[in-house]
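# Structural overview
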Amino acid sequence: MNKIMLAIAYVGIAAGSATAADQTFGRTKIPDAKGKHTSVGLVFRDSRNALEVRAAGQVIAQIPYSSIHELSYEHTQKHRITQGAVVMVASLGAGAVVMLTKSKSHFLTVEYDDGTAFKELVLRMDKSEYRGILATAKLQTGKNVTLVR
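Notes on the structure in this doc start here.

### Digging into the overall build of the protein
Along the protein, the regular secondary structure elements total four helices and eight strands. What you see in the protein, going N to C, is helices and strands ordered as α-β-β-β-β-β-α-α-β-β-α-β. Evaluated residue by residue, the protein yields a buried proportion of 32% over its 149 residues. Sequence separation of at least 24 residues holds for 49% of the intrachain contacts in the protein that already meet a minimum separation of 6. Carbon and sulfur atoms provide 56% of the accessible area of the protein, an area that totals close to 9300 Å².

Quick look at the structure:
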């Protein structure tokens, strides 16, 4: 059932974005060297045939579609043990429920050549935007997005 809904979403988004226009996604995050996630804007520039990552109004990465080797998507889940333990201090039952729930994360990895070296850009996508980002990435770059298990 989920695969059917995902396919319908891809077709709908691809049909809606079939016109030559830039696509912007504002809820993406990028990890820094310390592991903290910084909010960035992800822009698929059809006018420049490039993928841009913007933070605080500055372009921090601009990757031409022709230099992208591979796009890969990964979905991770983990139990909320730490958050549940904190809640359990106030309410034993609520803490147990929180511990049983899972957090989900969606990652897009862009492998590209910047002219001097082979590089990877890892982006954490928001749950409300990841389907649109994946569909736009395939449509704009012409490359399939590989699912990593």
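What follows continues from the structure just given.
### Thoughts on the nonpolar core
One finds Leu42, Phe44, Leu108, Val110 and Leu121 to be the most contacted residues of the largest nonpolar core, which totals 24 residues. Elements supplying a minimum of two residues to this core: strand E1 (23–31), strand E2 (37–45), strand E3 (50–55), strand E4 (58–64), strand E5 (68–79), strand E6 (102–113), strand E7 (118–125) and helix H4 (130–141). Residue contributions to this core peak at four residues, all from H4. In this structure, Leu121 is in contact with Ile30, Val53, Ile63, Leu108, Thr109, Val110 and Tyr112, ignoring residues within four places of it in sequence.

### So, H4
Under the 1.5 Å per step criterion, the end-to-end length of H4 is 16 Å for twelve residues, consistent within 8% with the ideal 16 Å. Of all twelve residues making up H4, nine are buried, and the element is well covered by its neighbours. Within the span of H4, buried status applies to Tyr130, Gly132, Ile133, Leu134, Ala135, Thr136, Ala137, Gln140 and Thr141. Positive phi shows up at Gly142, right after H4, with a value of about 80°.

### Some details on the pattern of salt bridges
Under the defined criterion, the tally for this structure stands at six salt bridges. Notably, a salt bridge pairs Arg45 with Asp22, separated by 3.0 Å at the nearest N-O pair. You can see Arg45 sitting in strand E2 and its partner Asp22 sitting in the loop between helix H1 (2–16) and E1, a full 23 residues away along the chain. Its relative accessible area of 31% is what places Asp22 among the partly exposed residues. For Arg54, the salt bridge is made with Glu52, and the minimal N-O distance between the two is 3.4 Å.

### What about the side chain of Thr136?
In this fold, Thr136 is placed in helix H4. For Thr136, a relative accessible area of 1% puts it in the buried group. For Thr136, the side chain forms a polar contact with the main-chain oxygen of Gly132, separated by 2.8 Å.

### A closer look at the pairing of E3
Of all six residues that make up E3, five are buried, and the element is covered over most of its length. Both E2 and E3 contribute to a ladder of five bridges, which runs antiparallel. Note on E3: the bridge partner recorded for Arg45 is Ala50. A loop of four residues connects E2 with E3, the two strands running antiparallel in sequence, and Asn49 in this loop sits at a positive phi of about 50°. Alignment of E3 against E4, held across six bridges, turns out to be antiparallel. Within E4, the position partnered with Glu52 by the bridge is Gln62. The antiparallel pairing of E3 with E4 creates a hairpin that spans two residues between the two strands, and Ala56 there sits at a positive phi of about 55°.

### Overview of the packing of aromatic side chains
Counted under the stated rule, the structure contains two aromatic pairs. Pairing Tyr73 with Tyr130 gives two aromatic rings, centres 5.8 Å apart and planes at 5°, and the pair type is stacked. Of this pair, Tyr73 sits in strand E5 while Tyr130 sits in helix H4; the two residues are 57 residues apart in sequence, bridging distant segments of the chain. Neither residue differs from the other here; Tyr73 and Tyr130 are each classed as buried.

The rules behind these values
Residues numbered from 1 in each chain as written. Predicted model: local features only at pLDDT ≥ 70, side-chain atom pairs only at ≥ 80, totals over all residues. Heavy atoms only, no water. Helix = DSSP H or I, 4+ residues; strand = E, 2+ residues; numbered from the N terminus. Buried < 20%, exposed > 50% of the residue type's maximum accessible area, 1.4 Å probe, protein only. Contact = heavy atoms within 4.5 Å. Areas by Shrake-Rupley, 256 points an atom, 1.4 Å probe, with all protein chains shown as cover. Core = buried A, V, L, I, M, F, W, Y, C linked by side-chain atoms within 4.5 Å. Expected span 1.5 Å × (residues − 1). Salt bridge = Lys/Arg side-chain N within 4 Å of Asp/Glu carboxyl O. Polar contact = N/O pair within 3.5 Å; in protein donor to acceptor, adjacent residues only side chain to side chain. Pairing = 2+ DSSP bridges. Phe/Tyr/Trp six-rings, centres within 6.5 Å; stacked < 30°, edge-to-face > 60°.

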